[in-house]
There are 2 protein chains.
Amino acid sequence: MNVWDMDILSIILIIMSLLIGFFAIIYSFHLHKKIMKLDPGTKKMQEISEYIHQGSLTFLKKEYKSMTITSLIIAVFLWFFVSKAVAITFVIGTFFSALAGNIGMRSATRANARTAQAASKSINDGLRAAFTSGMVMGMATVGIGLASVIVTYFFFYKDLGVLYGFGLGASLTALFGRVGGGIYTKAADVGADLVGKVEQGIPEDDPRNPATIADNVGDNVGDIAGMGADLFESYVEALIAAMVLGLVFFGEKGIVLPIILTSAGIISTLIGTLFVNTKSGKLYMAIDKGTFASAAIMIIFAFVIMKLYMNNMNLFYATISGLISGVVIGYSTEYMTSTHRRPTQAVAEAATTGPATCLIRGIAISMSSTVIPMLAITAAMLISYYLAGLYGIAISAVGMLSIVGMSLAADAYGPVADNAAGISEMAKMGKQARERTETLDEVGNTMAAECRGLQLGTSALTVLALFASFLELIKAKAGITVINLGDPAVIAGIFIGSIVPFIFSSIVINGVGKAASKMVLEIRRQFHKNKDILKGKAAPDYNKCIEISTDQALKDMIIPGIISLVAPIIIGLWSLEALGGFLIGAITVGIMLAMFMSNAGCSWDNAKKYIEKGNFGGKGSEAHKASVVGDTVGDPLKDTAGPSLDILIKILITSALVFLPFFI
Amino acid sequence: MNVWDMDILSIILIIMSLLIGFFAIIYSFHLHKKIMKLDPGTKKMQEISEYIHQGSLTFLKKEYKSMTITSLIIAVFLWFFVSKAVAITFVIGTFFSALAGNIGMRSATRANARTAQAASKSINDGLRAAFTSGMVMGMATVGIGLASVIVTYFFFYKDLGVLYGFGLGASLTALFGRVGGGIYTKAADVGADLVGKVEQGIPEDDPRNPATIADNVGDNVGDIAGMGADLFESYVEALIAAMVLGLVFFGEKGIVLPIILTSAGIISTLIGTLFVNTKSGKLYMAIDKGTFASAAIMIIFAFVIMKLYMNNMNLFYATISGLISGVVIGYSTEYMTSTHRRPTQAVAEAATTGPATCLIRGIAISMSSTVIPMLAITAAMLISYYLAGLYGIAISAVGMLSIVGMSLAADAYGPVADNAAGISEMAKMGKQARERTETLDEVGNTMAAECRGLQLGTSALTVLALFASFLELIKAKAGITVINLGDPAVIAGIFIGSIVPFIFSSIVINGVGKAASKMVLEIRRQFHKNKDILKGKAAPDYNKCIEISTDQALKDMIIPGIISLVAPIIIGLWSLEALGGFLIGAITVGIMLAMFMSNAGCSWDNAKKYIEKGNFGGKGSEAHKASVVGDTVGDPLKDTAGPSLDILIKILITSALVFLPFFI
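Given the structure is predicted, the values throughout are model-derived calculations rather than measurements.

Caption draft 1: Representation of the pattern of salt bridges. All names here are of chain A. Counted under the stated rule, the structure contains 48 salt bridges over all chains. We note a salt bridge from Lys475 to Glu472, for which the minimum N-O separation is 3.9 Å. With a gap of three residues between them, Lys475 and Glu472 both fall in helix α14 (residues 431-478), about one helical turn apart. One salt bridge in this structure joins Asp605 and Lys638, with 3.6 Å as the shortest N-O distance. Within this pair, whereas Asp605 is found in helix α19 (residues 576-612), its partner Lys638 is found in helix α20 (residues 622-663), the two being separated by 33 residues in sequence. Residue classification places Asp605 among the buried positions, given a relative accessible area of 12%. Overlapping salt bridges bring together Lys186, Asp189, Asp605, Lys609, Asp635, Lys638 and Asp639 as one network.

And the structure:
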């Protein structure tokens, strides 16, 4: 439906939303300028920060090159076999998703040294600097997301399904960012630790270690650009799915509603940031206060919108169910993986009898940690469906994602603080600065744990909204109204779908292993070739390590990328019913496996941290050594495979949606 | 349909089948007598064997007590809320399944010392003794299975669905045997190793270790009685599902066919045993030859039966597809986990850089090991369905299970050989005897790996046949012809179903951990209280350790047991469509997770063995220590959680089938 054929109120609301989107982008630039005005610290700090900045750009450039080639191939295929419009929206989606990630990363790699410098003044200043950088990412993502979807809609209003091309573009960027970035960051991390900490006994972030810059680059590449692309993808895909379903069930208002809910979310987030401060209470509460404030304001907005604009309170309750489910997921994930809680302490305790018992306990606990989140997702889906149909599920996803700007800021805060800690170590800023940046880093870990659960929840609801759209589409285009579980083809689809997350994880985990081995060999080679490096008299070749991580990460993405794009096409060509089963099988197993792996990794990581705080013998004890094994095993699970599955389930279904005309 | 109303040919065939079943039982007693006539060895050996025998009976007695109470509660519920007939068949099923396990275990605990003694003469004699004991188990199981189903059918021919009560009874026994037995065996094993090998540095199976008898009892309890009950369950449930579906699709002949296929399988197995010998080739080929021979003979029987009796060759191809899929699963499992193959050697290689890399590699490889088996199961399902409908799936399962007597014998051979090795160590029979029994033990491990894949394949096809029966039943009794994946209730069912295998595994793994800790404390207490035990001057209190394992195993079964029986009832009371989704969700995730855990455990176990053979530094090297961590982590995964999921998926669906009248 053409915007200009709409009711005048709807037109005004859409234009206002577009302006809010633009405002968010401008505001993000304003915040970035604010960061640039901060004191960048000593020359040494600036030098290290520049290394990280350049290293990150090196990765991005190579990634963009691979992405451009891949997306051109896909675009050509779409142009000839699906439709020209889809090919165009696909390229647009790829571009804007990449742009959002680029802005966030450029800002983060400028903010790290400034955060370290600010923290040397006061911890509140440090928090402000890192969080502001996170907000650059948050605002850029939601602003670009909302504005680009609205503008694309202006041009391609005739068939809303075309917008899924935009979604697939965002998925592709997310795949490169999350999977490639995930392999990159862990290869550098594991490689640096194995030779540096274990073999040579030098501390973490020691400038003598050739992989130390790659390690810090990895934080930005994986946790800023990758995570941003992941949430950008959920954000725009939930929005698009709600618009597509909205048109079917509510006509004009059905399209407008998700747009204004999203823009209301941006305003709520902006107001919420005012509450972020360290004036009272614990440090980690500083950002939490902002999140709660945004959520509360968003609920009021949603109430007003549903009452006055839609006159449908069931949709309001659907939105709330999404938000509550998000809170439940976040809280239960935090409970199962936090150092302050019983489950992780039990994992730490099990480490006293060795690495094996620590691992077994962690596996058992993280298996049970999937129960509450999965029930919360199921409940949100059922409640919003019974209240407001398939559209309700999509609106519930939009509601959950509306204030994602805040989560993004909180999550992007982490790597900046982590980098700041690294820089303060490398630039020898002294004990106090180091301790303060480490405290900030710890807050980042808590944030990350809460956000990780929420991210998965948003992905799950987004995917369900997309699946609802899939159901509508096969009804409209192929006349299929039922996907019968009694049909063995559908069960076969589910079975085959269930394989995909396993094989995908397997490849990605192996990728980390391979890249880490290469990194180990390279570090050893440098130490061996020039003895002055270890003495601190000669600078190591940081770029070589960055190159290894970059090349291997991009190489190891090829097969997972092909699987996730092509598998739905092959199954779809066989049978659309089997494709429905395939998607549900992959989604179900993908969600469960992702939660299991993420939580297991976090649990081991935090068990180690709990021991390092002096429990069960503290640092250097046998229990600590055992917990380090757990932490290392968990690394690729929580930072590479888990988040990658998050992307996988989304890309499978957008691929199915986009290529649907090709099957029929 | 009443047997006596059938065609005279059908009556003759059924009576013949019944006689074959009785013959198998008698033959099993004959074999048992043969074993009893063998030389039981020295007084010391007899004493140890008696300890193990009594320990096993102690466990069985307590298990039967708990089982009797549980089954009476269920029977009363069935009597009042479902039907009297179902209550009766349920009790019958429980009884006969327990009987089969009992016979197998009594024989195995008599054969262990005799195998050790025979092996001291020649390795062929040792193999013969252990395999004969395995055959007692194999023949008792298939004979009792076939005969008891036929006789039950004689009495309850009016409504074949009543036979699912028999299946549920078998499921309950299997649950106690596999889950309880699995916890028992690993608690004893891990506890004995942790204090014995690690803390005190005394070898495995050392008589000074108070848990050593419990460890040997565990082999019999978990791997003989538990595994037997598992396959008994698949065996009778596939048979019953095929009879129920057969009546719907083919009438009289549809009932008779699975019965005669099963009895043909028994004859094939008996002939196949003649080929088991060590005359030529490698030792592990001895039993393989028997398996191949049975399969070949079974194919000929199936061909003749389908041609002459059914005049339907599509059913023949369906049977073949099941058999081929079983072979593919067995082979690919063997490939992924064998010491002779690249994947496991890669896991061993990864151990050279520490336990973490060994674990990561193992996780990645076993994740990918699920692909081929799952595709094979899917292919068998689709092929047999397209050839012969839902009945085809059931017949394919019956075909795969028909020669299960041979797998049982091969699999039960393992624990007997393992016990024999233990006895030869404890009774200080000398180096040659010890080495020979260890060689026999190794063959057992290869057998177990091949069988494990096959077991899962049979369970998967059995469950699919039961699901087909579920579809027919809800059509007949509730008029539901479609379970639509587009209905969020069905997706909710799938999501909730996917949780069950995770929470079930978590509880079971934790159970092992708790029991092992108690065991550790008890062993330490004994060593501390009486210093003479470690000096070998005083006998430890074996019974105390047996008691701990027994009590904890039975206690930790309660919650998993309740979940697996009650969850389908709750979902079913809500919605039958959701129940359909729930079952498929649990089956899919259950199969994948079971394969992943079993293969991971085997892979680590064999990587350790590969290193122990002298590779990567051999015994005592850092790589070896790392691989021991992997092996310990894998123990509860492969021997407790993995096999338990095998039971879970079957008990969920039989519970759904049996309680169906209660929902409607």
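There's plenty left to go through after this.
Caption draft 2: Representation of the relation of the copies chain B and chain A within the structure. At an RMSD of 0.1 Å, chain B and chain A line up after a rotation of 180° and a shift of 0.0 Å along the axis. Both chain copies can therefore be described as sitting about a two-fold axis. Residue B:Asn484 of chain B places its C-alpha closer to the rotation axis than any other residue of that unit, at 2.4 Å. Comparing interface residues between copies, 100% of those in chain B also lie at the interface in chain A; the contact surface is shared.

Caption draft 3: How the structure looks around the packing of aromatic side chains. All names here are of chain A. Scanning the entire structure with this criterion turns up 32 aromatic pairs over all chains. Pairing Trp4 with Phe154 gives two aromatic rings, centres 5.9 Å apart and planes at 40°, and the pair type is tilted. Here Trp4, found in the segment before α1 (8-37), pairs with Phe154, found in helix α4 (residues 123-155); they are 150 residues apart in sequence, far enough to count as distant. Judged by centre distance (5.6 Å) and plane angle (65°), the rings of Phe77 and Phe659 are edge-to-face. In this pair, Phe77 sits in helix α2 (residues 43-81) while Phe659 sits in helix α20, placing the two residues 582 residues apart along the sequence.

Caption draft 4: Region of the structure containing the interface of chain B and chain A. In this assembly, 61 residues from chain B lie in contact with 62 residues from chain A. Taken together, both faces of the contact between chain B and chain A bury some 5,300 Å²; the carbon and sulfur share is 84%. A per-residue breakdown of the area chain B buries against chain A is headed by B:Met367, B:Phe495 and B:Phe502, which together make up 14% of the total. At the boundary of chain B and chain A, one finds zero salt bridges.

Caption draft 5: Structural detail: helix α13 (residues 404-426) of chain B. All names here are of chain B. Look at α13: 33 Å from first C-alpha to last across 23 residues, which is about the 33 Å you get at 1.5 Å a residue. The element α13 is extensively covered by neighbouring structure, given that 21 of its 23 residues are classed as buried. Once α13 finishes, Lys428 follows within two positions and takes phi at roughly 50°, a positive value.

Caption draft 6: How the structure looks around the confidence of the model for chain A. The predicted model of chain A has a mean per-residue pLDDT of 90, with 99% of residues at 70 or higher. Taken together, the chains of this predicted complex give a pTM of 0.94 and an interface ipTM of 0.94.

Caption draft 7: Highlighting the packing of helix α15 (residues 488-529) of chain A against helix α12 (residues 371-402) of chain B. Close contact between α15(A) and α12(B) brings their axes to 10 Å; oriented N to C, the two are set at 175°. Taken together, α15(A) and α12(B) sit at an angle that is classed as roughly antiparallel. Side by side, α15(A) and α12(B) meet where A:Pro488, A:Ala489, A:Ile491, A:Ala492, A:Phe495, A:Ile496, A:Ser498, A:Ile499 and A:Ile503 of the first sit next to B:Val371, B:Met374, B:Leu375, B:Ile377, B:Thr378, B:Met381, B:Leu382, B:Tyr385 and B:Tyr386 of the second. For the contact of α15(A) with α12(B), the per-class residue count stands at 16 nonpolar, two polar and no charged.

Procedures and definitions
- Residues numbered from 1 in each chain as written.
- Chains lettered and ligands numbered in written order.
- Predicted model: local features only at pLDDT ≥ 70, side-chain atom pairs only at ≥ 80, totals over all residues.
- Heavy atoms only, no water.
- Salt bridge = Lys/Arg side-chain N within 4 Å of Asp/Glu carboxyl O.
- Helix = DSSP H or I, 4+ residues; strand = E, 2+ residues; numbered from the N terminus.
- Buried < 20%, exposed > 50% of the residue type's maximum accessible area, 1.4 Å probe, protein only.
- Least-squares fit on C-alpha atoms with pLDDT ≥ 70 in both.
- Contact = heavy atoms within 4.5 Å.
- Phe/Tyr/Trp six-rings, centres within 6.5 Å; stacked < 30°, edge-to-face > 60°.
- Buried area = accessible area lost by both parts, 1.4 Å probe.
- Expected span 1.5 Å × (residues − 1).
- pLDDT = per-residue confidence, 0-100.
- Axes fitted to C-alpha atoms, helices over the stretch in contact; angles between N-to-C directions.
- Parallel < 35°, antiparallel > 145°, perpendicular 65-115°, else oblique.
- Nonpolar A, V, L, I, M, F, W, Y, C, P; charged D, E, K, R; others polar.

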